[in-house]
Amino acid sequence: MNDKKDVNYTHNDGAKYRYSAPRDNATAKKKTEKVKEALTKRAVFWRTNKAFAAVVLVAVILLFSFLSVVRAASRRERAVEEYYPAVRAGVTEMTSAAKSLASVSEAVGAEGAAELREAASSLEKDAADPFWENVDGAKRLHETAEAASGKIYYGDAGAEAKAAAKDAFEKIDASYRSLGSSAGYREAAEEYNDTVSTFPVSLLGRDRAPVFEKFDGVPESAAEHEEDETIIDAVKAKIAGLSTFQIIVIVAVIAIAVGSVIGKGKK
């Protein structure tokens, strides 16, 4: 009995092994056919839906163009921040001299001390951040200081007060005129402003960097920082300078070229 059972078990196991293999092969074959069918459907979809493919292509190109321009803007932003300490130093000298002039005005009883302190405080708040587009605060302080020093210098104040007022205003005037003559900063600020004004980065509403008036006769300071520009950086700068119309034209040309290649491939 035991031998018979053993034979049956052996026979059954063999049968199980014998019939299970074909079923596994059939399952694998079905899976392979399904994969091929899915891939075929996708290929047919892309061949028969050129319009959709063109839209996807345009979207991808626009996305990468946007990312390139954003990266270029970030690079320009870092350049502004690197050069900005020179501008901040000039502003600090202006506000410090303005406060000294205000003290002289108060000592001799001349008008303009309160306006000077207010203008100096306002400019200090503006200059705390490198990206304060409106430069009217610096101009206002310069004009207010000029008026206040004139009242002291041409008034009844003593010689010492007049000399102090003259010296304070000369420092303010020199610092103000030097703000627009920093070659490194000025170039970085102008490039940054041009980049963030370009579509689509302009939609992000980034603050602009201040660009100060350049006065004749004021020597331009040498750039203290020079950065080697790679080919990739140059390409990014070119992309950042493209107008909306130019980007659309380029994308359209690329889409037409790709569509032509796909059409030839089908033939």
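Scroll up to find the structure this text is about.
Throughout what follows, the structure given in this document is the object of discussion. It should be emphasised that the depicted structure is a prediction, and the values quoted were computed from it without experimental measurement.

Attention now goes to the packing of aromatic side chains. Summed over the entire model, instances satisfying the criterion amount to five aromatic pairs. Each ring, one from Tyr 84 and one from Tyr 185, has its centre 6.3 Å from the other, and the planes form 55°; the classification is tilted. Residue Tyr 84 is located in helix H2 (residues 50-108), and its partner Tyr 185 is located in helix H6 (residues 183-196); the two are separated by 101 residues in the primary sequence. The same class applies to Tyr 84 and to Tyr 185, which are both buried. Considering the side-chain rings of Trp 132 and Phe 212, the 5.7 Å spacing of their centres and the 65° angle between planes classify their relative orientation as edge-to-face. Of the two residues, Trp 132 sits in the loop between helix H3 (113-127) and helix H4 (136-153) while Phe 212 sits in the loop between H6 and helix H7 (231-240), which places them 80 residues apart along the sequence. Judged by its relative accessible area of 4%, Phe 212 falls in the buried class.

One way to put it is that H4 packs onto helix H5 (residues 159-178) with a least axis distance of 9 Å and a crossing angle of 160°. What the angle tells us is that H4 and H5 run roughly antiparallel. Once H4 is placed against H5, the crossing between them reads as left-handed. Here Ala 138, Lys 139, His 142, Ala 145, Glu 146, Ser 149, Ile 152 and Tyr 153 of H4 lie close against H5, whose contacting residues are Ala 161, Lys 162, Ala 165, Lys 166, Phe 169, Ile 172, Asp 173 and Tyr 176.

The next point concerns the side chain of Asn 193. Secondary-structure assignment places Asn 193 in helix H6. The buried category is assigned to Asn 193, whose relative accessible area is 13%. Beyond its immediate chain neighbours, meaning those up to four positions away, Asn 193 contacts Arg 208, Ala 209 and Val 211.

Quick notes on the rules
- Residue numbers restart at each chain and count upward from 1, following the sequence in its written direction.
- Residue-level local features of this predicted model are given only where pLDDT is at least 70; pairs of side-chain atoms are given and counted only at 80 or more, and the full residue set underlies all totals for whole chains, interfaces and linings.
- Side-chain measures here rest on the full set of heavy atoms in the structure, leaving out hydrogens and waters.
- Working definition: rings of Phe, Tyr and Trp (its six-membered ring) pair if their centres are within 6.5 Å, and the pair is stacked with planes under 30 degrees apart, edge-to-face with planes over 60 apart, and tilted otherwise.
- Helical segments are the DSSP runs of H or I of at least four residues, strand segments are the runs of E of at least two, and each set is numbered from the N terminus.
- Three labels apply to residues, based on accessible area from a 1.4 Å probe with only protein chains included: buried if under 20% of the type maximum, exposed if over 50%, partly exposed otherwise in between.
- For helices, the axis comes from a line fit to the C-alpha atoms of the stretch in contact; other axes are also lines fit to C-alpha atoms, and the angle between any two N-to-C directions lies between 0 and 180 degrees.
- With respect to orientation, any angle under 35 degrees is reported as roughly parallel, any angle over 145 as roughly antiparallel, any angle of 65 to 115 as roughly perpendicular, and every other angle as oblique.
- Take the far helix as your reference; a near helix turned counterclockwise from it by less than a right angle gives a left-handed crossing, and one turned clockwise gives a right-handed crossing.
- Contacts between residues were defined by any pair of non-hydrogen atoms, one from each residue, lying within 4.5 Å.

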